[in-house]
Amino acid sequence: MTIVETAKSLGMYVHLPFCRRRCSYCPFAISVDLRLEPRYFECLVREIDSVVAVPRRVDTVYFGGGTPSLSSFENLRSVSRALSRFGLDSVREWTLESNPEDFNSDSAARWASLGVTRLSVGVQSLHEAELRPLGRLHGRDGALDAARAGVASGLKTSVDVIIGLPGQSPESFSDTLRPLLDLGVGHVSLYILDLDEETPLRRRIAAGRVSVPDEDAVAGQYEKAVEVCASFGLRQYEVSNFARPGDESLHNLRYWKREPYLGFGLGAHSFEGERRWANSREIGEYMSLVESGSSPVSFEERLSDEERREERIFLGLRRAEGLPDAEIRELSPDRAEAWVARGVENGWLHRNGGRTAFTARGFLLSSALIAELF
Ligand code: SF4
């Protein structure tokens, strides 16, 4: 049971954790045991039904995973019906994450009939040789067909692509991005292969059986992404995200602006300005807790003033519009002044109308650079 009281509008995140198999690089809270689906969906609806009051209008909904597109229409509809008790009339964006192998001739239209307005398609690469080490189930044609179907359906269509893949070069990456943008895709989320957690791919790389591009090569791929996206009219609006004007992800902007959201399902996170909490990441535990009428929350933190300020700066600087200079100086005026001066001199920051923001080159190093501020 959760009561959300906040002065702002609200986003809803729903985690649909099922995948046909686990990709070799996947660190997410998922399950490949599809027999659990009926029980999981019952729990999900029950968790949504347990919310006592949401006194703010919901303006974004995000079905993330896992592979939401793998779920049956009936299961997706049961979750949508449960959410409708919050009043979804003001929803401006409803995203569904999808994988290419789940598209057929009418899937986009059926998702749209639930209220979905935006598809996020997990393409990652259009090259079989790059997809194979990842354990992905689709190939080039399937990915292009899915992106084409998304665009043709009239839904806003975003693609996820990854740089730093085994065997990838700036040219092969460009040959992933260009054909997708040629189809009219209006949004790209660009991820750098990040194997922080223990995964089969990380073990293979550590054992020397697979090699990945070095830092300079990844930087070259990132610069290529900025260049190719710009040539198709997609503006970089966040360190990893590019969009045609009007195609920016409203739900993800919510995370970067520190606006409230409520998460449901396995491992789902919720946030309301001063407090952040998350459900259990273990599916058996999540379902047992919900079934016994207990809260599935397994983590909760209350942020201090200092932590909130740091978050505002860290997340604000991830966005292309950056932050007002005064806000950056809030933590430590002298350190911030020297940091900005050094950044402008070295070409990783620029100043504009009293705001400071990363340049495209600076974005690549932004996590390490921002850490110097704290
Ligand atoms: S499809 Fe996505 S969520 Fe599912 S296993 Fe692969 S990377 Fe993980």
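Residues numbered from 1 in each chain as written. Predicted model: local features only at pLDDT ≥ 70, side-chain atom pairs only at ≥ 80, totals over all residues.

**Q** Help me get a handle on the overall build of the protein chain, residues and values and all.
**A** Looking only at helices and strands, one finds 15 helices and 15 strands in the protein chain. Relative to the 2.2 N^0.38 estimate, which gives 21 Å for 374 residues, the radius of gyration of the protein chain is 21 Å and therefore close to what a compact globule would have. The principal-axis extent of the C-alpha atoms belonging to the protein chain is close to 55 × 50 × 45 Å. The buried share among the 374 residues of the protein chain stands at 39%. Here the contacts in the protein chain between residues at least 6 apart in sequence split such that 71% fall between residues at least 24 apart. (Helix = DSSP H or I, 4+ residues; strand = E, 2+ residues; numbered from the N terminus. Rg over C-alpha atoms; globule rule 2.2 N^0.38 Å. Buried ≥ 20, exposed ≤ 12 C-beta atoms within 10 Å, placed from the backbone. Contact = placed C-beta atoms within 7 Å.)

**Q** Describe in detail the nonpolar core, supporting the description with residues and values.
**A** One finds M12, V123, A147, V159, I163 and V188 to be the most contacted residues of the largest nonpolar core, which totals 77 residues. Residue-level mapping places this core at the junction of two domains, with at least three residues from each of domain 1 (10–256) and domain 2 (316–371). (Core = buried A, V, L, I, M, F, W, Y, C linked by C-beta atoms within 7 Å. Domains from an automatic or database assignment.)

**Q** Can you explain the domain arrangement of the protein chain? Please cite residues and give values.
**A** What the domain assignment lists for the protein chain is domain 1 (10–256) and domain 2 (316–371). Summarising the inter-unit geometry, the C-alpha centres of domain 1 and domain 2 are found 29 Å apart. The interface of domain 1 with domain 2 comprises eight residues on the first partner and seven residues on the second. The set of elements that each furnish at least two residues to the side of domain 1 that touches domain 2 consists of α8 (215–231) and β7 (235–238). Tallied by class, residues from the side of domain 1 that touches domain 2 come to six nonpolar, one polar and one charged. (Nonpolar A, V, L, I, M, F, W, Y, C, P; charged D, E, K, R; others polar.)

**Q** Break down the packing of helix α1 (residues 37–49) against helix α10 (residues 283–291) for me, with residues and values.
**A** Axis separation between α1 and α10 bottoms out at 9 Å; the angle between their running directions is 50 degrees. By the angle between their directions, the pair α1 and α10 is classed as oblique. The handedness of the crossing between α1 and α10 is left-handed. Facing R39, Y40, C43, R46 and E47 of α1, the residues of α10 in contact are I283, Y286, M287, V290 and E291. The class makeup of the residues in the contact of α1 with α10 is six nonpolar, no polar and four charged. (Axes fitted to C-alpha atoms, helices over the stretch in contact; angles between N-to-C directions. Parallel < 35°, antiparallel > 145°, perpendicular 65-115°, else oblique. Left-handed = near helix turned anticlockwise from the far one by under 90°.)

**Q** Hey, could you go over the packing of helix α3 (residues 107–114) against helix α5 (residues 140–153) for me, with residue numbers and the actual values?
**A** It is at 9 Å that the axes of α3 and α5 come closest, and there the two elements cross at 45 degrees. The orientation of α3 with respect to α5, classified from their angle, is oblique. Relative to α5, α3 is oriented so that their crossing is right-handed. Residues A108, A109 and A112 of α3 form the contact with α5, whose participating residues are A149, G150 and S153.

**Q** I'd like to hear about helix α2 (residues 73–83), residue by residue, with values.
**A** One turn of an α-helix holds 3.6 residues; hence residues three or four places apart share an orientation. All buried positions along α2 are accounted for by N75, L76, V79 and L83. Viewed end-on, α2 has its buried residues packed into an arc of 100 degrees, placing them on one side of the element. Opposite the buried face of α2, by more than 90 degrees, sit the exposed residues F73, E74 and R81. Taken together, the buried residues of α2 touch β1 (10–16), α1, β2 (58–65) and α3. (Arc of directions from axis to C-beta.)

**Q** Could you give an account of the pairing of β2, with specific residues and numbers?
**A** With seven of eight residues buried, β2 lies mostly within the body of the structure. By the bridge criterion, seven bridges tie β1 to β2 in an arrangement that is parallel. Pairing of Y13 across the sheet is with Y62, part of β2. Bridge count between β2 and strand β3 (residues 93–98): four bridges; the pairing is parallel. Bridge pairing in β3 places Y62 opposite T95. Read from β2 through α2 to β3, the crossover connection turns out right-handed. (Pairing = 2+ DSSP bridges. Right-handed = clockwise from strand over helix to strand, strands pointing away.)

**Q** How would you sum up the sheet that holds strand β13 (residues 323–324)? Please name residues and give values.
**A** Read across the sheet, three strands follow the order β13-β15-β14 without closing on themselves; strand pairing throughout is antiparallel. Edge positions in the sheet fall to β13 and β14 (349–352), since each of these pairs with one other strand and no more. In the sheet, β14 pairs with strand β15 (residues 355–358) via four bridges, with the strands oriented antiparallel. Counterpart to L349 in the pairing with β15 is F358. The strands that helix α13 (residues 333–346) touches are β14 and β15; relative to β14, the one it contacts most, it runs at about 105 degrees.

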